[in-house]
Every structure is written in structure tokens, then in C-alpha cells.
Amino acid sequence: GFGGAAASSSKEGLAQKYGSQEGDDVLRQSVVTSHARAMEKAGPSWEEMKAKEERVAKHITQLFIDGCYTPLTIERLKEEIFDAGGVDLLLTSEWPAGCLKAVP
């Protein structure tokens, strides 16, 4: 077979004939970087789209979520106002903490 010196000179001969074989790492990094950029531009994943659809569906069917009225509530209120010719509302809330400290 080949001896150590023959193999070493053979590698050098191949490098001279075909160029450096170490450039593959740069090429691989370029491919990985361009793939990452393409994925960023591709938009949301199907998991993200499904989660968003579920959030939207929840807001469509619920009147009150996490202390807030949903668009469905407002839509129903508008319908009630139209059907009844008007609606009386009583809006209440607690006083903000410390709001009366400056009042004599």
C-alpha cells in the first residue's frame, strides 16, 4: 500500500490539482445561513397558525375573557341596542389605589 510519505505527497498533489477541500465548511455555513433566512421569510409554522386559530375561535364564542369583554360582546350589545331602540348602561369600577391621598 501507500506509505506515510507517499500518502502525504498524494494529499498535497490532490490539493494542488483540485484545490483545497476545506472550503466545504464555508459552503455548509452559507447553506445553513441561507436556509435560516428562508425560514424567517416563510412565515409562521403550522403550530403557530393553529394556536392563533384557536385563540380567534375562543374570542368568537366567549363574551368575557381574562377580565375583558370580547368583540362578540360588543356585537351582541349593538344588536340589543338596535332591537330595543336603546339600552341603559351602568358602568362601575373600583377607585384606583391611593387616589384619595391628595384630597383634603
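Since the structure is predicted, the reported quantities are computational estimates derived from the model, not experimental observations.

1. Structural notes on the overall build of the chain
Phase 1: If you tally the helices and strands in the chain, you get four helices and two strands.
Phase 2: The linear arrangement of helices and strands in the chain, starting from the amino end, is α-α-α-β-β-α.
Phase 3: Taking all 104 residues of the chain together, 4% fall into the buried category.
Phase 4: Accessible area of the chain: about 10,000 Å², with a carbon and sulfur share of 59%.

2. Examining the confidence of the model for the chain
Phase 1: Per-residue pLDDT for the chain averages 76, and the proportion of residues at 70 or more is 68%.
Phase 2: Within the chain, helix H2 (residues 24-41) has the poorest average pLDDT of any element, 66, and helix H4 (residues 71-84) the best, 90.

3. Thoughts on a negative patch on the surface
Phase 1: Residues Glu 75, Glu 79, Glu 80 and Asp 83 make up a contiguous surface patch of negative charge.
Phase 2: Relative to the assigned elements, Glu 79 resides in helix H4.

4. A short note on H4
Phase 1: Under the 1.5 Å per step criterion, the end-to-end length of H4 is 20 Å for 14 residues, consistent within 8% with the ideal 20 Å.
Phase 2: Following H4 by one or two positions, Gly 85 has its phi on the positive side, about 80°.

5. Looking at unusual backbone geometry
Phase 1: Despite not being glycine, Asp 66 shows a phi value in the positive range, around 50°.
Phase 2: The exposed category is assigned to Asp 66, whose relative accessible area is 74%.

About the thresholds
- Residues numbered from 1 in each chain as written.
- Predicted model: local features only at pLDDT ≥ 70, side-chain atom pairs only at ≥ 80, totals over all residues.
- Heavy atoms only, no water.
- Helix = DSSP H or I, 4+ residues; strand = E, 2+ residues; numbered from the N terminus.
- Buried < 20%, exposed > 50% of the residue type's maximum accessible area, 1.4 Å probe, protein only.
- Areas by Shrake-Rupley, 256 points an atom, 1.4 Å probe, with all protein chains shown as cover.
- pLDDT = per-residue confidence, 0-100.
- Patch = residues over 30% accessible without salt bridge, like charges linked within 9 Å, V, L, I, M, F, W, Y side chains within 5 Å.
- Salt bridge = Lys/Arg side-chain N within 4 Å of Asp/Glu carboxyl O.
- Lys, Arg positive; Asp, Glu negative; His and termini not counted.
- Charge placed at Lys NZ, Arg CZ, Asp CG, Glu CD.
- Expected span 1.5 Å × (residues − 1).

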